[in-house]
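Single-letter residue listing:
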Amino acid sequence: MNSTTQNTLTEGKLAPALLRFAVPFLISNFLQALYGAVDLFVVGQFSTSASVSAVAIGSQVMQTVTWIILGISMGGTVLIGQKIGEKNGEGAAEAVGCVAVLFGLMALVLTPLMLIAVNGAVALMKTPPEAVSAARSYIFICSCGLPFITGYNGVSGIFRGIGDSRTPVIFIGLACIVNVIGDFLFTGWLGMGAAGAALATVIAQAVSFLAALAYMYKKGFSFPFGRRHLRIRRKPAAAILKVGFPLALQDALVNVSFLIITTIINTMGLTASAAVGVVEKIISFAMLPPSAIASAVTTVTAQNIGAKKPERAKRALWYGIGFSLVFGIVVCIFVQFFAPLVTAVFSRDEAVILAAAQYLRSYSYDCILVSFVFCINSYFSGRSNALVPFIHSMIATFLVRIPATYGFSLIAGDSLFPMGLAAPLASFVSIVICFGYMRWEEARKR
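My aim in this report is to walk through the structure given alongside it, one point at a time. (Residues numbered from 1 in each chain as written. Predicted model: local features only at pLDDT ≥ 70, side-chain atom pairs only at ≥ 80, totals over all residues. Heavy atoms only, no water.)

**Notes on the overall build of the protein chain**
At step 1: Helices and strands together make up the secondary structure of the protein chain, namely 16 helices and zero strands.
At step 2: In terms of C-alpha radius of gyration, the protein chain reaches 21 Å, essentially the compact-globule figure of 22 Å for 446 residues.
At step 3: Expressed as lengths along the three principal axes of its C-alpha atoms, the size of the protein chain is roughly 60 × 50 × 35 Å.
At step 4: Counting all 446 residues of the protein chain, 59% fall into the buried class.
At step 5: Of the contacts made within the protein chain by residues no fewer than 6 positions apart, 85% connect residues no fewer than 24 positions apart.
At step 6: On the protein chain, roughly 18000 Å² of surface is accessible, and the fraction owed to carbon and sulfur atoms is 69%.
At step 7: The positive charge centre, built from 31 side chains, and the negative charge centre, built from 17, are 12 Å apart in the protein chain. (Helix = DSSP H or I, 4+ residues; strand = E, 2+ residues; numbered from the N terminus. Rg over C-alpha atoms; globule rule 2.2 N^0.38 Å. Buried < 20%, exposed > 50% of the residue type's maximum accessible area, 1.4 Å probe, protein only. Contact = heavy atoms within 4.5 Å. Areas by Shrake-Rupley, 256 points an atom, 1.4 Å probe, with all protein chains shown as cover. Lys, Arg positive; Asp, Glu negative; His and termini not counted. Charge placed at Lys NZ, Arg CZ, Asp CG, Glu CD.)

**Description of the environment of Lys87**
At step 1: With respect to the helices and strands, Lys87 occurs in the loop between helix 2 (49-85) and helix 3 (89-124).
At step 2: Between the alpha carbons of Lys87 and Phe346 there is a distance of 48 Å; along the sequence they are 259 residues apart.

**Brief notes about the packing of aromatic side chains**
At step 1: As enumerated under the stated definition, the model contains 11 aromatic pairs in all.
At step 2: With a centroid separation of 6.2 Å and an interplanar angle of 15°, the aromatic rings of Trp318 and Phe435 are classed as stacked. On the criterion of sequence distance, the pair formed by Trp318 in helix 11 (residues 310-343) and Phe435 in helix 16 (residues 422-445) is long-range, its members being 117 residues apart.
At step 3: Judged by its relative accessible area of 42%, Trp318 is partly exposed.
At step 4: Judged by relative accessible area, which is 26%, Phe435 ranks as partly exposed.
At step 5: When the centroid spacing of 5.0 Å and the interplanar angle of 40° are considered together, the rings of Phe334 and Phe338 count as tilted. In this pair, Phe334 and Phe338 are both assigned in helix 11, four residues apart and thus about one turn of the helix distant.
At step 6: What links up through ring pairs into an aromatic cluster is the set Tyr379, Phe380, Tyr437 and Trp440. (Phe/Tyr/Trp six-rings, centres within 6.5 Å; stacked < 30°, edge-to-face > 60°.)

**Observations concerning the pattern of salt bridges**
At step 1: Taken as a whole and assessed by the stated rule, the structure comprises two salt bridges.
At step 2: The residue Lys314 makes a salt bridge to Glu442 at a minimum N-O spacing of 2.4 Å. Taken as a pair, Lys314 in helix 11 and Glu442 in helix 16 lie far apart in primary sequence, 128 residues in all.
At step 3: Note on Glu442: relative accessible area 26%, which makes it partly exposed.
At step 4: In this structure, Glu441 and Arg383 form a salt bridge, with 2.7 Å as the shortest nitrogen-oxygen distance. One end of the pair, Glu441, is in helix 16; the other, Arg383, is in the loop between helix 13 (366-382) and helix 14 (387-411), and 58 residues separate them in sequence. (Salt bridge = Lys/Arg side-chain N within 4 Å of Asp/Glu carboxyl O.)

**Re the state of the cysteines**
At step 1: Under the counting rule described, the total for this entry stands at zero disulfides.
At step 2: Cysteine Cys176 remains unbridged, with the sulfur of Cys142 as its closest cysteine sulfur at 15 Å. (Disulfide = S-S within 2.5 Å.)

**So, the nonpolar core**
At step 1: Of all hydrophobic cores here, the largest spans 88 residues; its most connected members are Ile69, Ile80, Leu146, Phe223, Tyr359, Leu360 and Leu416.
At step 2: By residue number, the principal contributor to this core is helix 3, which donates 14 residues. (Core = buried A, V, L, I, M, F, W, Y, C linked by side-chain atoms within 4.5 Å.)

Written out as structure tokens, the structure is:
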């Protein structure tokens, strides 16, 4: 049996290694974001604003669940990366087996829970009446695909931990092709609206997961791995959950906050609801470079902590912030000049295009600030310290962003521009807390 690619990131020039590892992440994240963007684009071209609103709302609900899965996946990535850095093959095998079983159990629990929660989720989101039926269909169909979402993210977490960021690109690319074909078939040709977009997404996720699983089974690993490793052992499970549970809880609560924010904006009417949905898709693309670089920082940090090279791990943090800032500044400047052109890609409704452009201009400042937040969070997670990201995220989200969004909604009038300022304001608070903690940490060491 061959073995999947394993990269050691503990030696050699750090900056080029970080970029080489981040580029496949960027491509993979871009293709994954293309799922939702294609859904919204095709629905916007072939259906109504109500369907656009339904897809936007349904996507946010499903994203909340997905981020919970990703949080646990990150715990697996960190543990596997640390064992690779330690050159502990048996420990890495135990971690891989533990991830596989944990994610199987998660799929068994999350799928029926989401199917039961469909109507409640639509009601809690204050979904515009015109979009209620379509939103229910979208969330129900996507919930049926949760075993595939869970499985794919578990497999991807394993790949990342062993230092292979390239292989997942192949499978997410395959999924993207299937999704695009399905969107035009179900939504465009058959006129199924939001339900067609959901069906295309589920089929694409199933193809991606099954292909990735077959590849991993055929190739194996660079360390011995067998059925005896497919069990939950106390130490690996505790290590995974030590990182993964705070991240999962953090991501879940942050996405709940997004749902609350969406609910606030939904009370402003269908145009505002559709406009915010459009901007969230655009921002998901704008955040891809810093997110990809931050993901690379996590793996590089984990491997170097395992190899007892903490200073190299910290250098990875600063390189990550620098690379991310370049992208963030470029995106922010571009949006200030061409916002309506960008938002017009996802809607033909002139009112939605203009409202989305207002929201996007102010929101885009966050593209600069998250360059710090994402990389710092990844650095702490790679060190198995997910508590700091959890604390500052909760403060920034629930004490700053949600109150600011509500306050701005009262004075916004016909413009969504003030609403978009809540996100960069929250990120600024996170940065202050993070740098304050890092200075305190350095002082304590001295």
